[in-house]
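Below are the chains, spelled out letter by letter.
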2 protein chains.
Amino acid sequence: MSIASAIDALTPIFGDRLSTSDALREQHGTNESHFALTLPDAVVFPETTQEVSELMRLCHAHSCPVVAFGTGTSLEGHHLAVQGGISLDMSRMNKVLQVNAEDLDVVIQPGLTREELNVDLRATGLYFPIDPGANASLGGMAATRASGTTAVKFGTMKDNVLALEVVLADGRVIRTGTRARKSSAGYDLTRLIVGSEGTLGIITELTLRLQGQPEAVSAATCRFASVEDAVNCVITTIQTGIPMARIELVDEMMVRGFNLHMNKDLPEAPHLFLEFQGSPASVAEQAETFGAIAEDFGGTGFNWTDRAEERNELWKMRHNGHYANNALNPGKKTLATDVCVPISQLAEAVTTAQRRSRELGITCTIVGHVGDGNFHCGCRVDPTDAEELARVTGFAEELADMALRLHGTVTGEHGIGLGKVKYMQKEHGPDALDAMRAIKLALDPKNILNPGKILPATNQ
Amino acid sequence: MSIASAIDALTPIFGDRLSTSDALREQHGTNESHFALTLPDAVVFPETTQEVSELMRLCHAHSCPVVAFGTGTSLEGHHLAVQGGISLDMSRMNKVLQVNAEDLDVVIQPGLTREELNVDLRATGLYFPIDPGANASLGGMAATRASGTTAVKFGTMKDNVLALEVVLADGRVIRTGTRARKSSAGYDLTRLIVGSEGTLGIITELTLRLQGQPEAVSAATCRFASVEDAVNCVITTIQTGIPMARIELVDEMMVRGFNLHMNKDLPEAPHLFLEFQGSPASVAEQAETFGAIAEDFGGTGFNWTDRAEERNELWKMRHNGHYANNALNPGKKTLATDVCVPISQLAEAVTTAQRRSRELGITCTIVGHVGDGNFHCGCRVDPTDAEELARVTGFAEELADMALRLHGTVTGEHGIGLGKVKYMQKEHGPDALDAMRAIKLALDPKNILNPGKILPATNQ
């Protein structure tokens, strides 16, 4: 009963779709954040639910850890096999199984990425709106309860997954939910699995809600004298009830990153990037109302366009935020914070973050899905510089504490993974954490599903 | 260790807020559906979370069942103490604790009803939109994952509860979630408790999302030659993307019930009852687009009004559906079915239901939140007439089977309670049901929280 014996048992089943090569193990052991290289013992590429089921049955028998792998774009080290075992690469399970255009839903496999899905849907006039920036796999997005720039209008993955097929720790296959829009039939296993980061089961199929392409879309930018002015403009916009499709804060440091990385020449000032959707008349009405609010907060250069190319260019730039950070001081890595607070607390949270990062001498960009009260500090750090790493992680802890003090959460959308395990007790308290542990133990008694993630081993 | 010893232990704590009187036990043992009178051993009226915690601690020690009681308006016998024990009446925990108008949220106690909340909010310009018809308690609405006429726009309770305070089976008190709009911090305990019907914990506090009062609201009615025409009109309306605030089907039998119960003189034909919300221009645009679609399906008498009194009168009538059933054949009870199917399957589902009820000689009204694919057959039955009860429950089973065949659910919003336990395995399969049982066992190892509800004792 060991990892080695599990690999022996899996080898005849998966053949050359099981690899222990250094190259593949390294590819699955790296990450886009500051965590150290962490090698799995083997990488397996399943092609069917049946294969995932058989793999879990054997890994359960051999007590071998299994960590699902989508595209590796997570920011908290979710896919790192910190206790060794199998990296289960879902990239070959990437089919669209069923487009139910008349019901505005789609059934897909978890390895499909969101961009691939939207290309596939193009002819239907429908699309999947959730957009975390990275071209992540949809299984991974469900596992981390991802959201992003469009959550202010469409919610997060929890609101857009209708049903899942899930392989449990011992290999049994369950379905959570149906294609009905709503149900009151028992415990909401769908929402329990969404956000469970591969610790309760392996997602092998997803039924997702789709949206119709809006009749009209406009994008806009507007700049402000300070992040505080920009955020106060957002607060009023949300409270006024304008149905924003996107409303993103980009601080002056992030603008500098965009200018360097993408050869732009935006004024280095805090900006809001915006999108409006609806009928042509309603889009015009929304933009006009927003423009009046922005003016009250000293917004200048409010500029809107209904040209698709300009809009795509804007969101491409925004989505490159994580990579544009690298242009600020190449060679360093990014530690991204992810607090989310009630919107009335947002100005305090963002201005405190900006002030403290400066006081601490940390190079840090601020971008935010501010309509939800969620923002990221992209803190630049050399992980081999112990002093700098401690300073940056200390800053991240300050922000986490602040978010909880302001009745918010330590992570709006990135998830817990490895990096935020230390905040779980502060956010939930020991008894809620024990309830989560009881659920984990009930569904994965041998702790083989992504062990070491989400739940701290003991109350702290 | 028994119910009697638990009551002995609770008596000094609750004094005259613990009662074993026949009158109170009967009041808490009746129901609005066809289930037999089922008396709890005692009724307790807690006033604080601390009292609920102490009660659970003692009932856990004495292995005494506890069943939370809101307003008793559930339709599947949720609040019936089928294994005896305590009926925990939450009506004294009915305070609004915190109105956070700037964040569009509110913190309340579970015994508060939705109408009471909305009266309390009147001066803020905000309201809580979920509307199951009955003036239910908000704790009860969360426990059954309620929805109703506005779910097509605002979703269900799962989408509108931000966080909960919950007393666990052994008396520990946890908080699930914060006031942030979204979070990826660990397992979604909020969504696990919402819809768990008091079987995993007692809700003692809720943080709810609010909506701003819309600038303009119009209500409308439209009648059709058949339920099929009406439903096909709904399908096209939803697929067109009109952001309907309400879209309700009322069949000819239900109209007869309204006419009798409320002294109306509507033509006895299938109707849609509608509501549009938005800016004045957008409401007019929506109504016009809908009108054109309705015409394509032979809709006549399309009539819209922006007068609040007429609108309130319309929804008051609709909400009286359950009681208007009684006017059709006084003395009988109503068994309400609650299937929900993908919208493309809705015409087949509704027409089959109407045809089969007639073939079986069942007096039955059809009303539906058809924008979600959810509809109810209000089957009139004399529960003491064994043949009629068997015929009606057989019909309900046919509809449940049909819903599952059409990729839907046996209950869109009423919940499982007692009446639908028998469908759980058909809908979820034995392994998903076992996963639910494992969660129940993990959180309530003595099975004292609303035992006998949701989960069948064994696989069937």
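Values in this document were obtained by computation on a predicted structure and should not be read as measured data.

Calculation criteria
- Residues numbered from 1 in each chain as written.
- Chains lettered and ligands numbered in written order.
- Predicted model: local features only at pLDDT ≥ 70, side-chain atom pairs only at ≥ 80, totals over all residues.
- Heavy atoms only, no water.
- Helix = DSSP H or I, 4+ residues; strand = E, 2+ residues; numbered from the N terminus.
- Rg over C-alpha atoms; globule rule 2.2 N^0.38 Å.
- Buried < 20%, exposed > 50% of the residue type's maximum accessible area, 1.4 Å probe, protein only.
- Contact = heavy atoms within 4.5 Å.
- Areas by Shrake-Rupley, 256 points an atom, 1.4 Å probe, with all protein chains shown as cover.
- Pairing = 2+ DSSP bridges.
- Axes fitted to C-alpha atoms, helices over the stretch in contact; angles between N-to-C directions.
- Least-squares fit on C-alpha atoms with pLDDT ≥ 70 in both.
- Buried area = accessible area lost by both parts, 1.4 Å probe.
- Salt bridge = Lys/Arg side-chain N within 4 Å of Asp/Glu carboxyl O.
- Polar contact = N/O pair within 3.5 Å; in protein donor to acceptor, adjacent residues only side chain to side chain.
- Domains from an automatic or database assignment.
- Nonpolar A, V, L, I, M, F, W, Y, C, P; charged D, E, K, R; others polar.
- Expected span 1.5 Å × (residues − 1).
- Core = buried A, V, L, I, M, F, W, Y, C linked by side-chain atoms within 4.5 Å.
- Phe/Tyr/Trp six-rings, centres within 6.5 Å; stacked < 30°, edge-to-face > 60°.

A. Region of interest: the overall build of chain A. The number of helices and strands found in chain A is 16 helices and 18 strands. A compact globule built from 460 residues would reach a C-alpha radius of gyration of about 23 Å, and chain A, at 22 Å, matches this within 12%. Dimensions of chain A, computed from the C-alpha atoms along their principal axes, are close to 65 × 55 × 45 Å. Split into buried and exposed, the 460 residues of chain A put 63% on the buried side. In chain A, 73% of the contacts between residues at least 6 apart in sequence involve partners at least 24 apart. Here chain A has roughly 15,700 Å² of accessible surface; of this, 49% comes from carbon and sulfur atoms.

B. Up close: the sheet that holds strand E9 (residues 173-176) of chain A. Residues and elements named next belong to chain A. Ordered by their spatial adjacency, five strands build an open sheet running E5-E6-E10-E8-E9, and the pairing between neighbours is antiparallel. At either end of the open sheet lies a strand with only one pairing partner, and these are strand E5 (96-100) and E9. Across the sheet, the axes of successive neighbouring strands diverge by a mean angle of 10°, strand direction being ignored. Sheet topology note: the strand E8 (residues 161-167)/strand E10 (residues 202-209) ladder contains six bridges and is antiparallel. Across the sheet, Val-161 pairs through a bridge with Leu-208, a residue of E10. Relative to the sheet, helix H3 (residues 49-62) contacts E8, E9 and E10, its axis offset from that of E8 by approximately 50°.

C. Region of the structure containing the pairing of strand E17 (residues 364-369) of chain A. Residues and elements named next belong to chain A. For E17, a buried count of six out of six residues is recorded, marking the element as mostly surrounded by other parts of the structure. Burial of the side chains of E17 extends over both faces: Cys-364, Ile-366 and Gly-368 are buried on one face and Thr-365, Val-367 and His-369 on the other. When strand E13 (residues 246-250) meets E17, the two strands line up antiparallel, connected through two bridges. Across the sheet, residue Val-250 finds its bridge partner in E17, namely Val-367. Sheet topology note: the E17/strand E18 (residues 374-381) ladder contains six bridges and is antiparallel. Note on E18: the bridge partner recorded for Val-367 is His-376. In textbook terms, the turn of a hairpin is the stretch between consecutive antiparallel strands, and for E17 and E18 this stretch comprises four residues, one of which, Gly-373, has a positive phi near 80°.

D. Main features of the relation of the copies chain B and chain A. Superposing chain B onto chain A takes a rotation of 180° combined with a translation of 0.0 Å along the rotation axis, leaving an RMSD of 0.0 Å. Those values place the two copies in the arrangement expected of a two-fold rotation axis. Of all interface residues in chain B, 100% are interface residues in chain A too; the two copies therefore contact each other through one and the same surface.

E. Spatial organisation of the interface of chain B and chain A. The interface of chain B with chain A comprises 69 residues on the first partner and 70 residues on the second. For the pair chain B and chain A, the summed buried surface comes to about 5,600 Å²; carbon and sulfur atoms form 59% of the total. Broken down residue by residue, the surface that chain B buries against chain A is led by Lys-182, Ser-184 and Tyr-187 of chain B, which jointly contribute 17%. The tally of links from chain B across to chain A stands at eight salt bridges. A salt bridge links Asp-431 of chain B to Arg-172 of chain A, with the shortest nitrogen-to-oxygen separation between them at 3.7 Å. Applying the counting rule to chain B against chain A returns 37 residue pairs in polar contact (both at pLDDT 80 or more). For the side of chain B that touches chain A, the secondary-structure elements that each account for two or more residues are helix H7 (157-160), strand E9 (173-176), helix H8 (189-193) and helix H16 (424-443) of chain B.

F. Highlighting the domain arrangement of chain A. Residue and element names in this part refer to chain A. Its domain assignment divides chain A into domain 1 (3-91), domain 2 (96-212), domain 3 (214-325) and domain 4 (329-444). Between domain 1 and domain 2, the C-alpha centre-to-centre distance is 22 Å. On the side of domain 2, 20 residues touch domain 1, which itself brings 16 residues to the contact. When domain 1 packs against domain 2, the two sides together hide about 1,300 Å² of surface, and 69% of this comes from carbon and sulfur. Linking domain 1 to domain 2 there are zero salt bridges. Our enumeration of links across domain 1 and domain 2 arrives at three residue pairs in polar contact (both at pLDDT 80 or more). Looking at the side of domain 1 that touches domain 2, the elements with two or more residues in it are H3 and strand E3 (66-69). Per-element tally for the side of domain 1 that touches domain 2: the top contributor is H3, with six residues. Looking at the side of domain 1 that touches domain 2 residue by residue, the classes come out as six nonpolar, eight polar and two charged.

G. Representation of helix H9 (residues 227-240) of chain B within the structure. All names here are of chain B. Its 14 residues give H9 an end-to-end C-alpha distance of 20 Å, which sits within 8% of 20 Å, the value for a rise of 1.5 Å per residue. Those residues of H9 not exposed but buried are Val-227, Ala-230, Val-231, Cys-233, Val-234, Ile-235, Thr-237 and Ile-238. On its buried side, H9 packs onto helix H6 (151-154), strand E13 (246-250), helix H10 (252-262), strand E14 (271-278), helix H11 (280-296) and helix H14 (346-359). Looking one or two places after H9, you find Gly-241, whose phi comes out positive at around 90°.

H. Fine view of the nonpolar core. One finds Met-157 and Leu-208 of chain A together with Met-157 and Leu-208 of chain B to be the most contacted residues of the largest nonpolar core, which totals 88 residues. If near-sequence neighbours (up to four positions away) are discounted, Leu-208 of chain B is found in contact with Leu-104, Asp-105, Val-106, Ile-108, Leu-117, Phe-128, Leu-138, Met-157, Asn-160, Val-161 and Leu-162 of chain B.

I. Layout of the side chain of Glu-248 of chain B. Locating Glu-248 of chain B in the fold gives a position in strand E13. If we skip the residues at most four places from it in the chain, Glu-248 of chain B touches Thr-149, His-271, Leu-272, Phe-273, Trp-315, Arg-318, Gly-368, His-369 and Val-370 of chain B.

J. Region of the structure containing the pairing of E9 of chain B. All names here are of chain B. Burial along E9 is one-sided: the face carrying Ile-174 and Thr-176 is buried and the face carrying Val-173 and Arg-175 is not. As judged from the four bridges shared by strand E8 (residues 161-167) and E9, these two strands associate in the antiparallel manner. Considered in E9, the bridge of Leu-164 is made with Thr-176. Once E8 ends, the chain turns through five residues before running back antiparallel as E9, passing Gly-171 with a positive phi of about 100°.

K. Summary view of the packing of aromatic side chains. All names here are of chain A. By the definition in use, this model includes 10 aromatic pairs over all chains. On the numbers, 6.5 Å between centres and 85° between planes, the contact of Tyr-127 with Phe-154 is edge-to-face. Of this pair, Tyr-127 sits in strand E7 (residues 126-127) while Phe-154 sits in helix H6 (residues 151-154), placing them 27 residues apart in sequence. For the residue pair Tyr-127 and Phe-154, the accessibility class agrees, reading buried in each case.

L. Structural detail: the pattern of salt bridges. Under the defined criterion, the tally for this structure stands at 72 salt bridges over all chains. A salt bridge links Arg-356 of chain A to Glu-359 of chain A; the nearest nitrogen and oxygen atoms lie 2.6 Å apart. Here Glu-359 of chain A and Arg-356 of chain A lie together in helix H14 (residues 346-359), a separation of three residues that amounts to about one turn. Of the residues examined, Glu-359 of chain A reaches a relative accessible area of 47% and is grouped as partly exposed. A salt bridge links Glu-310 of chain B to Arg-307 of chain B, with the nearest nitrogen and oxygen atoms 3.0 Å apart. Each of Arg-114, Glu-115, Asp-131, Arg-246 and Glu-275 of chain A takes part in one network of salt bridges that share partners.

M. Local environment of the environment of Phe-258 of chain A. All names here are of chain A. Note on placement: Phe-258 falls in helix H10 (residues 252-262). When the C-alpha atoms of Phe-258 and Pro-12 are compared, they prove to be 49 Å apart, with 246 residues separating the residues in sequence. Setting aside residues no more than four positions away along its own chain, Phe-258 makes contact with Val-250, Asn-263, Lys-264, Phe-273, Met-317, Arg-318, Asn-320, Gly-321 and Ala-324.

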